[in-house]
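For reference, the chains in residue letters:
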Amino acid sequence: MDNKVLIVGRDGINILGLVRSFGEAGIKPFVICISPKLHLVTVAQSKYVQKTYIVKDDAACIEKMIELFKKEAVKPVVFTSGDSITYNIDLQYDVLKEYFILSNARNKQGEIVRLMDKEKMRLLAEKSGLLTPVSFIVSKNDDLSKINIKYPCITKSILSVYGGKQDVFICKNEDELYMAIQKVNSVKLQIQEFICKKAELIFCGLATRDTIIIPGVAENITTVRGYYSGYQNYKSVDRKYDNIIRKQIEFIHSCEYRGLFSIEYIIDRDDNCYFMEVNLRNDGYSYMVTAAGVNLPKIFYDYCTSSKRYNENSFAINKTTVMDEGLDYVQSVKTNKVTLLNWFKRVNKTDVLLFHNSKDIKPTICLLYIKLLLLLNRCLKVLVYIII
């Protein structure tokens, strides 16, 4: 009897990428999708899904996992598609490992959570020889004048589950930093020197007890200030990155992590390469690796469930352009950098779109249906307001 695949997380490109990676490998995964309003979710429409369950939050997701799969003869392999569910599953690791095969660090409950702390992450990376931005940890009531902060700087929540992208502000001076700190959700923040980037890199990989596989690198095609690009080029790793690869392998080894991961860097105008963060879960862009010829989720599944092993130096990568359509539309068309016509031309030339997939079209149709319902709802509210 084969181990089932269970994918958990919120709706979007991350969970869809995992579903399609397994579907294209001939495995139909079960999905528990977290949707606070319990409404229609696009991933449920994928032709590759065995069955989808919709729950309202992370706690309900974990309860549903145990309810559905606790009596399996062989443990299902779980893949998470976001920080919040990864965080909460790791806090329940000792209970869940009795029923599931899970990503973990040191086979220890709460260790992934500990490593999600951005400052702990940065210090470990620094210890492995990676270059990191100058950083400070501050609380909301700290006197910033006593800290030697270099401006411009950027704010980040210590744990993304507490604030995430909403806590990111680029500040030119102390006054702007004070205002930013009052707006954030996190009690503690990481303040980093702002690196004027020339380029950005994403390395997606997997780690087992025996090996670490990093088949290629994504380089940005467009550049967005203070955020990662929605338009990337994925290719084989150049020799110029050999030193970074060696150090990040040492970094992952030091975490004793087992699972899918991604590591992000930015390169400044002087070609210094700065470590930004590691995601100890599936990356939203990981489907680009599958499309380029290396199915990391399926390879990790094989490591977990069979004796099949892979030579990490034998993977052939097809150079692939990839786009997160929703993000790139906002970054390019909404900001008037690219006309709508030229953006559609760009989309047409892109090898892989992370949401739309011509071989799995129903999630796109579902998304358009949801957008239409939202538009009709807004129009109805306006009409009611006019009549009243």
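Sequence order sets the numbering: in each chain, residues are counted from 1 along the sequence as written. Totals for whole chains, interfaces and linings use every residue, but because this is a predicted model, local features are given only for residues with pLDDT of at least 70 and side-chain atom pairs only at 80 or more, for both listing and counting. Hydrogens and water molecules were not included; the side-chain quantities draw on all heavy atoms of the structure.

1. Some points on the overall build of the protein
When helices and strands are tallied, the protein shows 13 helices and 17 strands. Our radius of gyration looks at C-alpha atoms and nothing else; its globule reference is 2.2 Å times the residue count to the power 0.38. Over its C-alpha trace the protein gives a radius of gyration of 21 Å, about what one expects of a compact globule, namely 21 Å for 388 residues. Taken along its principal axes, the extent of the C-alpha atoms in the protein is 65 × 60 × 40 Å. Partly exposed residues are those whose accessible area sits between 20% and 50% of the maximum for their type, while under 20% is buried and over 50% is exposed, using a 1.4 Å probe and protein chains only. Among the 388 residues that make up the protein, the fraction classed as buried is 53%. The criterion used for residue contact is that any of the two residues' heavy atoms lie within 4.5 Å. In the protein, 65% of the contacts between residues at least 6 apart in sequence involve partners at least 24 apart. Accessible area of the protein: about 18900 Å², with a carbon and sulfur share of 53%. His is not counted, nor are the chain ends, whereas Lys and Arg count as positive and Asp and Glu as negative. Here the site of a charge means NZ on Lys, CZ on Arg, CG on Asp, or CD on Glu. Put simply, the protein has 54 plus and 43 minus side-chain charges, and the middle of one group is 4 Å from the middle of the other. Per the convention used, a helix needs a DSSP run of H or I reaching at least four residues, while a strand needs a run of E reaching at least two, with both numbered from the N terminus. In short, Shrake-Rupley with a 1.4 Å probe defines the accessible areas, and a residue's cover is counted only from the protein chains shown.

2. Quick look at the nonpolar core
Ile 7, Val 31, Val 43, Phe 79, Met 288 and Leu 296 are the most contacted members of the largest nonpolar core, which totals 42 residues. Of all elements in the fold, only strand 1 (5-10), helix 1 (13-24), strand 2 (30-34), strand 4 (77-80), strand 10 (197-207), helix 9 (287-291) and helix 10 (296-305) reach the threshold of two or more residues within this core. A total of six residues in this core trace back to one element, the largest contributor, which is helix 1. Setting aside chain neighbours within four positions, we find Val 43 in contact with Asp 11, Ile 15, Leu 16, Val 19, Val 31, Cys 33 and Val 49. Among the buried residues, those of types Ala, Val, Leu, Ile, Met, Phe, Trp, Tyr and Cys that are joined through side-chain atoms within 4.5 Å form a nonpolar core.

3. Thoughts on the sheet that holds strand 4
In short, DSSP must find at least two bridges between two strands for them to pair. Reading across the sheet, the four strands line up as 3-2-1-4 and stay open at both edges, with parallel pairing between neighbours. The two strands at the open ends of the sheet, each matched to only one other strand, are strand 3 (51-55) and strand 4. Within this sheet the neighbouring strands show an average axis-to-axis angle of 20°, counted without direction. Across five bridges, the pairing between strand 1 and strand 2 is parallel. Axis definition: a line fitted to C-alpha atoms, over the contacting stretch in the case of helices. Angles run 0 to 180 degrees between N-to-C directions.

4. Section: the sheet that holds strand 6 (residues 135-139)
Reading across the sheet, the four strands line up as 6-9-7-8 and stay open at both edges, with antiparallel pairing between neighbours. Single-partner strands in this sheet number two, and they are strand 6 and strand 8 (169-171). Each neighbouring strand pair of the sheet contributes to a mean axis angle of 30°, computed without reference to strand direction. The sheet contact formed by strand 7 (residues 153-157) and strand 8 spans three bridges and is antiparallel. Residue Ile 154 lies in a different strand from strand 8, and its bridge partner there is Ile 170. Contacting strand 6, strand 7 and strand 9 (188-193), helix 6 (residues 118-127) crosses the sheet at an angle of about 40° to strand 9. Along the sheet, helix 7 (residues 174-183) contacts strand 6, strand 7, strand 8 and strand 9; its crossing angle with strand 8, the most-contacted strand, is approximately 160°.

5. Looking at the environment of Gln 192
Within the secondary structure, Gln 192 sits in strand 9. With relative accessibility at 3%, the residue Gln 192 sits in the buried group. A sequence separation of 169 residues divides Gln 192 from Ile 361, and the C-alpha atoms of the two residues are 42 Å apart. Think of a polar contact as two N or O atoms within 3.5 Å of one another; within protein, one of them needs to be a possible hydrogen donor and the other a possible acceptor, and neighboring residues in sequence only count if both atoms come from side chains. Reaching out from Gln 192, the side chain makes a polar contact with the side chain of Lys 156 at a distance of 3.0 Å.

6. Some remarks on the packing of aromatic side chains
By convention, a stacked pair of Phe, Tyr or Trp rings (six-membered ring in the case of Trp) has centres within 6.5 Å and planes under 30 degrees apart, an edge-to-face pair has planes over 60 apart, and any other such pair is tilted. Scanning the model with the defined rule gives 13 aromatic pairs in all. A centroid spacing of 6.1 Å and a plane angle of 80° characterise the contact between Tyr 265 and Phe 275, whose relative ring orientation is edge-to-face. Of this pair, Tyr 265 sits in strand 14 (residues 257-268) while Phe 275 sits in strand 15 (residues 273-279), and the two are ten residues apart along the sequence. Phe 275 matches Tyr 265 in its accessibility class, with the two residues each being buried. Among the aromatic residues, ring-to-ring pairing joins Phe 203, Tyr 241, Phe 251, Tyr 265 and Phe 275 into one connected group.

7. Structural notes on the state of the cysteines
The definition used for a disulfide is geometric: two cysteine sulfur atoms within 2.5 Å. Scanning all chains against the criterion turns up zero disulfides. Cys 204 forms no disulfide, and the closest cysteine sulfur to it belongs to Cys 273, at a distance of 15 Å. In this structure Cys 304 is a free cysteine whose sulfur lies 17 Å from that of Cys 204, the closest cysteine sulfur available.

8. Details of the pattern of salt bridges
For side chains of opposite charge, pairing can occur when their charged atoms come near one another. A pair is scored as a salt bridge if a Lys or Arg side-chain nitrogen falls within 4 Å of a carboxyl oxygen belonging to Asp or Glu. All chains considered together, the criterion is met by 21 salt bridges. The salt bridge partner of Lys 198 is Asp 271, with a shortest N-O separation of 2.2 Å. With Lys 198 in strand 10 and Asp 271 in the loop between strand 14 and strand 15, the pair connects residues that are 73 residues apart, well separated along the chain. Between Asp 328 and Arg 346 there is a salt bridge whose closest N-O contact spans 2.8 Å. Placement of the pair is Asp 328 in helix 11 (residues 325-332) and Arg 346 in helix 12 (residues 340-349), with a sequence separation of 18 residues. When sorted by exposure, Asp 328 lands in the same class as Arg 346, which is buried. When salt bridges with common partners are traced through the structure, they connect Arg 106, Glu 111, Arg 114 and Glu 256 into a single cluster.

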